[in-house]
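# Structural description and commentary
The primary structure of each chain is shown beneath.
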Amino acid sequence: QVQPEESGGGLVQAGDSLRLSCAASGGTFGTYAMGWFRQAPGKEREFVAIINWSGGSTYYADSVKGRFTISRDNAKNRVYLQMNSLKPEDTAVYYCAADKTYYGTRGDRFDYWGQGTQVTVSS
């Protein structure tokens with residue numbers, strides 16, 4: 001089983017870019033679908049993006065499509081979320097999740113989660 005750990009969060013201004021990284025230890029990283037989710041204060045956790053085991057398939061929430069890009073490097077056991085044109089409404093704790101058999105947008109279907117990294121976008 002893999003254990004994800006996020007990094008790269010911080011405080012940025014609207015319009016800036018930020019790249020989140022998720023390192024996955026244990027397990028066979030290249031066999032897991034990897035997803036990014038986020039949770040803003042007072043709101044439910046929401047799906048952001050997902051990438052399949054090979055990197056050949058990705059899917060995004062409408063709210064981030066065209067601004068965020070998910071990618072992975074199986075040789076380094078890492079998945080990334082490049083976030084461009086950030087908006088204040090992107091402010092949230094961002095979580096990395098892994099699952100061996102599920103490829104979708106439902107967070108409750110992912111088995112392994114990181115602790116999250118805070119992204120704050122000021123206006």
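Residues numbered from 1 in each chain as written. Predicted model: local features only at pLDDT ≥ 70, side-chain atom pairs only at ≥ 80, totals over all residues. Heavy atoms only, no water.

### Some remarks on the state of the cysteines
Overall, the coordinates contain one disulfide when judged by the stated rule. Note that Cys 22 is cross-linked by a disulfide to Cys 96, the S-S spacing being 2.1 Å. Between Cys 22 and Cys 96 the sulfur-sulfur dihedral comes to about -80 degrees; the bridge is accordingly left-handed. Of the two residues, Cys 22 is situated in strand β3 (residues 18-25) and Cys 96 in strand β9 (residues 92-99); the sequence distance between them amounts to 74 residues. With respect to class, Cys 22 is no different from Cys 96; both count as buried. (Disulfide = S-S within 2.5 Å. Helix = DSSP H or I, 4+ residues; strand = E, 2+ residues; numbered from the N terminus. Buried < 20%, exposed > 50% of the residue type's maximum accessible area, 1.4 Å probe, protein only.)

### Overview of the pairing of strand β8 (residues 78-83)
In this structure, β3 lies alongside β8, joined through six bridges in antiparallel fashion. Residue pairing in the sheet places Cys 22 in a bridge with Val 79 of β8. The sheet contact formed by strand β7 (residues 68-73) and β8 spans six bridges and is antiparallel. Bridging across to β8, Thr 69 finds its partner in Gln 82. Taking the residues between adjacent antiparallel strands as the criterion, β7 and β8 are bridged by four residues, where Asn 77 takes a positive phi near 55 degrees. (Pairing = 2+ DSSP bridges.)

### Re unusual backbone geometry
Positive phi outside glycine occurs at Asn 77, with the angle close to 55 degrees. At Ser 85, a residue that is not glycine, the phi angle is positive and equals roughly 50 degrees. If you trace the backbone, Ser 85 turns up in the loop between β8 and β9. What makes Ser 85 partly exposed here is its relative accessible area of 42%.

### Focus on the nonpolar core
Note that soluble globular proteins tend to have their nonpolar side chains buried in a common cluster. The biggest cluster of nonpolar side chains holds 37 residues, and the ones touching the most others in it are Met 34, Trp 36, Val 79, Leu 81, Met 83 and Tyr 94. Elements that contribute at least two residues to this core include exactly β3, β4 (33-39), β5 (46-51), β7, β8, β9 and β11 (117-122). Broken down by element, the residue count for this core peaks at six residues, all from β9. Those residues in contact with Tyr 94 that sit more than four places away from it in its chain are Glu 6, Leu 20, Trp 36, Phe 37, Arg 38, Val 48, Phe 68, Leu 81, Met 83, Gly 116, Thr 117 and Val 119. (Core = buried A, V, L, I, M, F, W, Y, C linked by side-chain atoms within 4.5 Å. Contact = heavy atoms within 4.5 Å.)

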